[in-house]
Amino acid sequence: GIQVEQSPPDLILQEGANSTLRCNFSDSVNNLQWFHQNPWGQLINLFYIPSGTKQNGRLSATTVATERYSLLYISSSQTTDSGVYFCAVGAGGANSKLTFGKGITLSVRP
Amino acid sequence: GAVVSQHPSRVICKSGTSVKIECRSLDFQATTMFWYRQFPKQSLMLMATSNEGSKATYEQGVEKDKFLINHASLTLSTLTVTSAHPEDSSFYICSANGQGYEQYFGPGTRLTVT
């Protein structure tokens with residue numbers, strides 16, 4: 001099956017700093033999603049981005065499908081950005097399963 | 001849009017009893033729903049894929065007789081943990097997608113077996 005690697009595993013930032021989270025995957029995909037898991041366990045959809053670039057406020061993401069990686073950018077980080085960020089990929093048709101990376105734990109200090 | 005709910009949010013049960021967890025898509029029809037399990041400080045592991053009106057497909061190593069999945073309608077899937085034991089204590093999360101590729105996740109159910 002597809003392998004998903006996220007880096008770095010842990011990240012500590014000062015409030016206001018910028019960061020880049022990386023997701024590498026081992027095969028062609030037609031689904032790639034970034035999630036933020038909040039302290040209560042809820043996964044919040046950040047981006048559906050199998051290719052290209054998207055932006056939503058302080059967050060943006062880029063997936064280079066030909067090189068099998070995706071990047072999530074967080075600018076002007078806030079303490080509420082703390083939590084675990086997951087990248088998940090899928091390679092089947094619509095309604096196919098996702099394979100998750102191990103996640104990146106982000107801590108933003110005030 | 002694309003809201004998925006789970007009930008209950010947390011449950012404590014005694015060893016040997018069964019527990020049912022519901023997953024509902026509130027504002028869309030979900031042809032496929034997925035059940036995941038997450039242990040503390042770990043990633044999500046897919047347990048099974050359920051399609052409305054057909055038998056669930058279980059991932060390797062998941063006991064289908066222990067984790068019963070029913071997807072009786074386009075908005076409801078249930079996971080029943082039968083004869084629960086302390087090692088079944090975990091965070092169970094469902095997800096659903098409608099017509100496209102994007103999956104939407106429920107808030108999770110924390111199961112504690114005593």
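All values reported here derive from a predicted model rather than from experimental measurement. (Residues numbered from 1 in each chain as written. Chains lettered and ligands numbered in written order. Predicted model: local features only at pLDDT ≥ 70, side-chain atom pairs only at ≥ 80, totals over all residues. Heavy atoms only, no water.)

**What to know about the overall build of chain B**
No. 1: A count of helical and extended segments in chain B gives 0 helices and 11 strands.
No. 2: In chain B, the succession of α and β elements from N to C terminus is β-β-β-β-β-β-β-β-β-β-β.
No. 3: Across its three principal directions, the C-alpha atoms of chain B cover 40 × 25 × 20 Å.
No. 4: Counting all 114 residues of chain B, 48% fall into the buried class.
No. 5: Summarising the internal contacts of chain B: among those between residues at least 6 apart in sequence, 54% fall at separations of at least 24.
No. 6: Carbon and sulfur atoms make up 51% of the accessible area of chain B, which totals about 5600 Å².
No. 7: Taken together, the 10 basic and 9 acidic charged side chains of chain B have centroids lying 8 Å from each other. (Helix = DSSP H or I, 4+ residues; strand = E, 2+ residues; numbered from the N terminus. Buried < 20%, exposed > 50% of the residue type's maximum accessible area, 1.4 Å probe, protein only. Contact = heavy atoms within 4.5 Å. Areas by Shrake-Rupley, 256 points an atom, 1.4 Å probe, with all protein chains shown as cover. Lys, Arg positive; Asp, Glu negative; His and termini not counted. Charge placed at Lys NZ, Arg CZ, Asp CG, Glu CD.)

**Observations concerning the environment of E15 of chain A**
Residue and element names in this part refer to chain A.
No. 1: Relative to the helices and strands, E15 is located in the loop between strand 2 (10-14) and strand 3 (19-25).
No. 2: Along the primary structure E15 and Q78 are separated by 63 residues, whereas in three dimensions their C-alpha atoms are 5.3 Å apart.
No. 3: Leave out the neighbours within four places in its chain, and E15 touches S77, Q78, T79, V108, R109 and P110.

**Focus on the state of the cysteines**
Residues and elements named next belong to chain A.
No. 1: Across all of its chains, the model carries 2 disulfides over all chains by this definition.
No. 2: Disulfide pairing places C23 opposite C87 at an S-S distance of 2.0 Å. Residues C23 and C87 are joined by a disulfide whose S-S torsion is about -60 degrees; by sign, that bridge is left-handed. Here C23 is found in strand 3, whereas its partner C87 is found in strand 9 (residues 83-90), with 64 residues between them in sequence. (Disulfide = S-S within 2.5 Å.)

**What to know about the side chain of N97 of chain B**
No. 1: Assignment of secondary structure puts N97 of chain B in strand 9 (residues 90-97).
No. 2: With relative accessibility at 0%, the residue N97 of chain B sits in the buried group.
No. 3: A polar atom in the side chain of N97 of chain B sits 3.3 Å from the backbone oxygen of G100 of chain B.
No. 4: Discounting chain neighbours no more than four positions away, the residues touching N97 of chain B are N95 of chain A together with F28, Q29, A30, T31, T32, F34, E102 and Q103 of chain B. (Polar contact = N/O pair within 3.5 Å; in protein donor to acceptor, adjacent residues only side chain to side chain.)

**What about the environment of Y101 of chain B?**
No. 1: For Y101 of chain B, the position within the fold is in the loop between strand 9 and strand 10 (104-105).
No. 2: Using a relative accessible area of 29% as the deciding quantity, one classes Y101 of chain B as partly exposed.
No. 3: Dropping the residues within four chain positions of it, Y101 of chain B is found in contact with N30, N31, Q33, Y48, G92, G93 and A94 of chain A.

**Concerning the packing of aromatic side chains**
No. 1: Scanning the entire structure with this criterion turns up 8 aromatic pairs over all chains.
No. 2: A ring pair is formed by F35 of chain A and F100 of chain A, whose centres lie 5.7 Å apart and whose planes are at 25 degrees; its orientation type is stacked. Here F35 of chain A, found in strand 4 (residues 31-37), pairs with F100 of chain A, found in strand 10 (residues 99-100); they are 65 residues apart in sequence, far enough to count as distant.
No. 3: Taking relative accessible area as the criterion, F100 of chain A reaches 10% and is therefore assigned buried.
No. 4: An aromatic cluster is present here, built from F35, F86 and F100 of chain A together with Y36 and F105 of chain B joined pairwise through their rings.
No. 5: The lysine or arginine in question, R22 of chain A, covers the ring of Y69 of chain A, its NZ or CZ lying 4.2 Å from the ring centre. (Phe/Tyr/Trp six-rings, centres within 6.5 Å; stacked < 30°, edge-to-face > 60°. Lys NZ or Arg CZ within 6 Å of the ring centre and 35° of its normal.)

**Side note on the side chain of T49 of chain B**
No. 1: For T49 of chain B, the position within the fold is in strand 5 (residues 44-51).
No. 2: Apart from residues no more than four positions distant in its own chain, T49 of chain B is found in contact with K97 of chain A together with T32, M33, F34, A56 and T57 of chain B.

**Some details on the pattern of salt bridges**
No. 1: One pass over the structure, following the stated rule, counts 4 salt bridges over all chains.
No. 2: Taking the shortest distance from any N to any O, the salt bridge between E59 of chain B and K97 of chain A comes out at 3.0 Å. Within this pair, whereas E59 of chain B is found in the loop between strand 6 (57-58) and strand 7 (67-73), its partner K97 of chain A is found in the loop between strand 9 and strand 10, the two belonging to separate chains.
No. 3: For E59 of chain B, a relative accessible area of 22% translates into the label partly exposed.
No. 4: Across the pair R24 of chain B and E22 of chain B runs a salt bridge, and its minimum N-O distance is 3.4 Å. (Salt bridge = Lys/Arg side-chain N within 4 Å of Asp/Glu carboxyl O.)

**Structural notes on the interface of chain B and chain A**
No. 1: Contacts between chain B and chain A engage 24 residues on the former and 22 residues on the latter.
No. 2: Taken together, the two surfaces of chain B and chain A that pack against each other cover about 1700 Å², and 50% of this comes from carbon and sulfur.
No. 3: Connecting chain B to chain A are 1 salt bridge.
No. 4: The tally of links from chain B across to chain A stands at 9 residue pairs in polar contact (both at pLDDT 80 or more).
No. 5: Of all the elements, strand 4 (residues 32-38) of chain B adds the most residues to the side of chain B that touches chain A, at 4 residues. (Buried area = accessible area lost by both parts, 1.4 Å probe.)

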